[in-house]
Amino acid sequence: MMAPEDLSVYGIHDVAEIVYNPDYNTLFAEETKPGLDKLERGFITRTGAVSVDTGIFTGRSPRDKYIVLDDKTRDTVWWKSEKAKVSDNKPISHEIWQHCKDIAARQLSRKRLFTVDCFSGTNENTRLRVRFIMEVAWQSHFVKNMFIRPTPEELKKFKPDFVVLMASKAVNPDWKEQGLNSENFIFFNLSENMAVIGGTWYGGEMKKGIFSIMNYYLPLRGIASMHCSANVGNKGDVAIFFGLSGTGKTTLSTDPNRALVGDD
Amino acid sequence: MSKAGHATKVIFLSADTFGVLPPVSRLTEEQTKYYFLSGYTAKVAGTERGIVEPVPSFSACFGAAFLLVDPIIYANELTRKMKMHDAEAWLINTGWIRGPYGTGNRIDLPSTRRIINAILNDSINDSDFINLPVFNLAVPASVEGVASDILDPANGWESRTKWHIAATDLALKFINNFSKFTTNPETANLVEHGPVIS
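Examining the overall build of chain A
A tally of helices and strands in chain A yields six helices and 13 strands. On the principal axes, the C-alpha backbone points of chain A span a range of 55 × 50 × 40 Å. Expressed as a percentage of its 264 residues, the buried residues of chain A come to 53%. Once local pairs closer than 6 in sequence are excluded, the contacts in chain A between residues at least 24 apart make up 67%. In the form shown here, chain A has an accessible surface area of approximately 12,300 Å², with 51% of it arising from carbon and sulfur atoms. For chain A, the distance from the average position of its 34 positive side-chain charges to the average position of its 33 negative side-chain charges is 4 Å.

Take a look at the structure:
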């Protein structure tokens, strides 16, 4: 379990209540309760699933994604440059990071918060223990679905390797002077092992953000991380399929004679 | 299921709307790195009013937006693991055959599935292989259940010369893309394993 004061290490203070790793019944009640704003509200579809509206953010905002440039990342991250134009990794200073981290933490302070502790990666030796902190119920539902849920035993001794503050309602008013792309921010700090997200409501920003973090740590530990689908035959023979959207990755890894290991 | 052993078959899917790439080809270790780093597919897009034509799309490691370290590191890890587990890599064109978008047609799904089955059950390696010019890819002469006249992509075009012109044009796009991230010498050395224009 977690107490409100445990969040002060992230700069989040005077938290009213923490809803820790909510179960699906709690989530359903929270995201459909009366009085929620448009983007906070879950709608029940005909099948009984909950759908949400993420406003103008119907996809990731790659131009708002930055990584803190420091001694750890300077020579390890593949930075965007004249010679590496296709890289998506743009640097920010520690000062700008701190500025937006404070904005996100202030937004989450004095609130009733949802926190979700979960795993990224199936392998117990290399999985990342991730903690998400947010004020919007459906966002905690999203990460509960997307990541691996720990057992009650595993939760008891859970110590996060990486923490994400999701503050969709907060924006950075000083973005212009700081030379940033917009008031929205998706910042990663590999020394503090934290990400702060502001402005965007797109849930996939959390999923792909952690995928990017896995893509930092795994290859440096001699593990091949990749963006693919995989299936396995009855002799245990595994095939992996790479391809950009529209090339048949999902169609071709779905095979009646083979079990799907994962898709994307 | 979300856990399985090491992969022994690595399959790169490209939907080539230029109709240049063969339906299937076997990659060497260096070609595996090259095509992994290229992360190629093509789409069709409107360029002028009423004109729709093929447009290439490259994304390093088939997911450039999510790469935090130099792409060559992922390519090296992939091929290192492949060597350890005796894995093969194949490049498959799920896009156009017998000409580009507008002239040719998209390869039928049953043929692609038969190709993948032949890879998975190893029967594809019983075939003879021919070398495809420009791209220097090893193309099987026959795959069970697949019309063999489509395996050599130039066959289906109006003339081999027309295929060759289109292949040279696509090769240039590969070469140009690769120059955008050859920041380290190891990556730069792979250029010769991609398409070559003589």
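This is not the end of the story, as more comes after the structure.
What to know about the overall build of chain B
When you go through chain B residue by residue, the secondary structure sums to six helices and nine strands. In terms of its C-alpha atoms, chain B occupies a principal-axis envelope of roughly 45 × 40 × 35 Å. By the burial criterion, 52% of the 198 residues in chain B qualify as buried. Nonlocal contacts in chain B, meaning residues at least 24 apart in sequence, comprise 69% of its contacts between residues at least 6 apart. When the accessible area of chain B is evaluated, it comes to approximately 8,400 Å², of which 51% is carbon and sulfur surface. With 17 positive and 20 negative side-chain charges, chain B shows a separation of 6 Å between the mean positions of the two kinds.

Section: a nonpolar patch on the surface
A cluster of nonpolar residues, Val44, Val52 and Tyr101 of chain B, forms a patch on the protein surface that exposes about 220 Å² of accessible area. Note on placement: Val52 of chain B falls in strand β4 (residues 51–58).

Some details on the layout of surface pockets
What the largest pocket holds in volume is close to 1,700 Å³. Forming the boundary of the largest pocket are 43 residues, of which Gly121, Thr122, Ala224 and Met226 of chain A together with Ser2 of chain B lie nearest the centre. Elements supplying a minimum of two residues to the lining of the largest pocket: β6 (112–120), α3 (137–146), α5 (204–220), β11 (229–232), β12 (238–243) and β13 (259–263) of chain A together with β1 (7–14) and α2 (71–84) of chain B. By residue number, the principal contributor to the lining of the largest pocket is α5 of chain A, which donates six residues. Taken together, the residues of the lining of the largest pocket sort by class into 21 nonpolar, 14 polar and eight charged.

Here we look at the side chain of Ser38 of chain B
Residues and elements named next belong to chain B. Along the chain, the position of Ser38 falls in helix α1 (residues 29–38). On the basis of relative accessible area, Ser38 is assigned to the buried category, the value being 1%. With residues up to four places along the chain from it excluded, the contact list for Ser38 reads Phe58, Ser59, Ala60, Phe174, Asn177 and Phe178.

Structural notes on the nonpolar core
Of all hydrophobic cores here, the largest spans 103 residues; its most connected members are Phe132 of chain A together with Phe12 and Phe135 of chain B. With sequence-adjacent residues up to four places away left out, Phe12 of chain B is seen in contact with Phe242 of chain A together with Leu27, Thr32, Tyr35, Phe36, Phe62, Leu78, Trp90, Leu91 and Ile92 of chain B.

So, the interface of chain B and chain A
Accessible area lost upon the coming together of the parts serves often as the stated size of an interface. Each partner contributes residues to the interface: chain B has 51 residues there, and chain A has 49 residues. Counting the surface lost from both chain B and chain A, the interface buries some 4,000 Å², and carbon and sulfur atoms represent 65% of this. Broken down residue by residue, the surface that chain B buries against chain A is led by Leu13, Phe66 and Leu68 of chain B, which jointly contribute 20%. There are 19 residue pairs in polar contact (both at pLDDT 80 or more) connecting chain B and chain A. Every element with two or more residues in the side of chain B that touches chain A is listed here: β1, β3 (40–48), α2 and α3 (109–120) of chain B. For the side of chain B that touches chain A, the element with the most residues is β1 of chain B, which contributes eight residues. Residues belonging to the side of chain B that touches chain A are distributed by class as follows: 26 nonpolar, 15 polar and 10 charged. Pairing of β12 of chain A with β1 of chain B, which is carried by six bridges, proceeds in the parallel orientation.

Here we look at the packing of aromatic side chains
Throughout the structure, instances matching the rule amount to 22 aromatic pairs over all chains. On the basis of an interplanar angle of 55° and a centroid distance of 5.5 Å, the ring pair of Phe211 of chain A and Phe66 of chain B is categorised as tilted. Separated into two different chains, Phe211 of chain A in helix α5 and Phe66 of chain B in the loop between β4 and α2 make up a pair that spans both. Ring geometry for Tyr35 of chain B against Phe174 of chain B: centres 5.7 Å apart, planes inclined by 65°, an arrangement best described as edge-to-face. Here Tyr35 of chain B, found in helix α1, pairs with Phe174 of chain B, found in helix α5 (residues 160–178); they are 139 residues apart in sequence, far enough to count as distant. On the basis of relative accessibility, which here comes to 0%, the residue Phe174 of chain B falls in the buried class.

Comments concerning unusual backbone geometry
Residues and elements named next belong to chain B. Phi at Cys61 is positive, roughly 60°, even though this residue is not glycine. One can find Cys61 in the loop between β4 and α2. With a relative accessible area of 3%, Cys61 lands in the buried category. Positive phi is not limited to glycine here, since Asp122 has a value of about 70°. Mapped onto the elements, Asp122 comes out in the loop between α3 and β8 (129–132).

Regarding the sheet that holds strand β4 (residues 65–68) of chain A
All names here are of chain A. Ordered in space as β1-β6-β7-β8-β10-β9-β4-β5, the eight strands form an open sheet in which the pairing is mixed. At either end of the open sheet lies a strand with only one pairing partner, and these are β1 (17–20) and β5 (90–92). When strand polarity is set aside, the average angle formed by the axes of neighbouring strands in this sheet is 25°. In the sheet, strand β8 (residues 162–167) pairs with strand β10 (residues 194–198) via five bridges, with the strands oriented parallel.

What about the pairing of β11 of chain A?
Residues and elements named next belong to chain A. The alternating pattern of β11 places Ser229 and Asn231 and Ala230 and Val232 on opposite faces, both of which are buried. As judged from the four bridges shared by β11 and β12, these two strands associate in the antiparallel manner. Counted as the bridge partner of Val232 is Val238 from β12. Here β11 folds back onto β12 in antiparallel fashion, the turn holding five residues, of which Gly236 has a positive phi close to 85°. As judged from the four bridges shared by β11 and β13, these two strands associate in the antiparallel manner. Looking across to β13, one finds that Asn231 is bridged to Leu260.

What counts, and where the lines are drawn
Residues numbered from 1 in each chain as written. Chains lettered and ligands numbered in written order. Predicted model: local features only at pLDDT ≥ 70, side-chain atom pairs only at ≥ 80, totals over all residues. Heavy atoms only, no water. Helix = DSSP H or I, 4+ residues; strand = E, 2+ residues; numbered from the N terminus. Buried < 20%, exposed > 50% of the residue type's maximum accessible area, 1.4 Å probe, protein only. Contact = heavy atoms within 4.5 Å. Areas by Shrake-Rupley, 256 points an atom, 1.4 Å probe, with all protein chains shown as cover. Lys, Arg positive; Asp, Glu negative; His and termini not counted. Charge placed at Lys NZ, Arg CZ, Asp CG, Glu CD. Patch = residues over 30% accessible without salt bridge, like charges linked within 9 Å, V, L, I, M, F, W, Y side chains within 5 Å. Salt bridge = Lys/Arg side-chain N within 4 Å of Asp/Glu carboxyl O. 1 Å grid on protein atoms, 1.4 Å probe; cavity = no way out; pocket = protein on both sides within 12 Å on 5 of 7 lines; lining within 4 Å. Points joined across faces, edges and corners; volume = space filled by probe spheres on them. Nonpolar A, V, L, I, M, F, W, Y, C, P; charged D, E, K, R; others polar. Core = buried A, V, L, I, M, F, W, Y, C linked by side-chain atoms within 4.5 Å. Buried area = accessible area lost by both parts, 1.4 Å probe. Polar contact = N/O pair within 3.5 Å; in protein donor to acceptor, adjacent residues only side chain to side chain. Pairing = 2+ DSSP bridges. Phe/Tyr/Trp six-rings, centres within 6.5 Å; stacked < 30°, edge-to-face > 60°. Axes fitted to C-alpha atoms, helices over the stretch in contact; angles between N-to-C directions.

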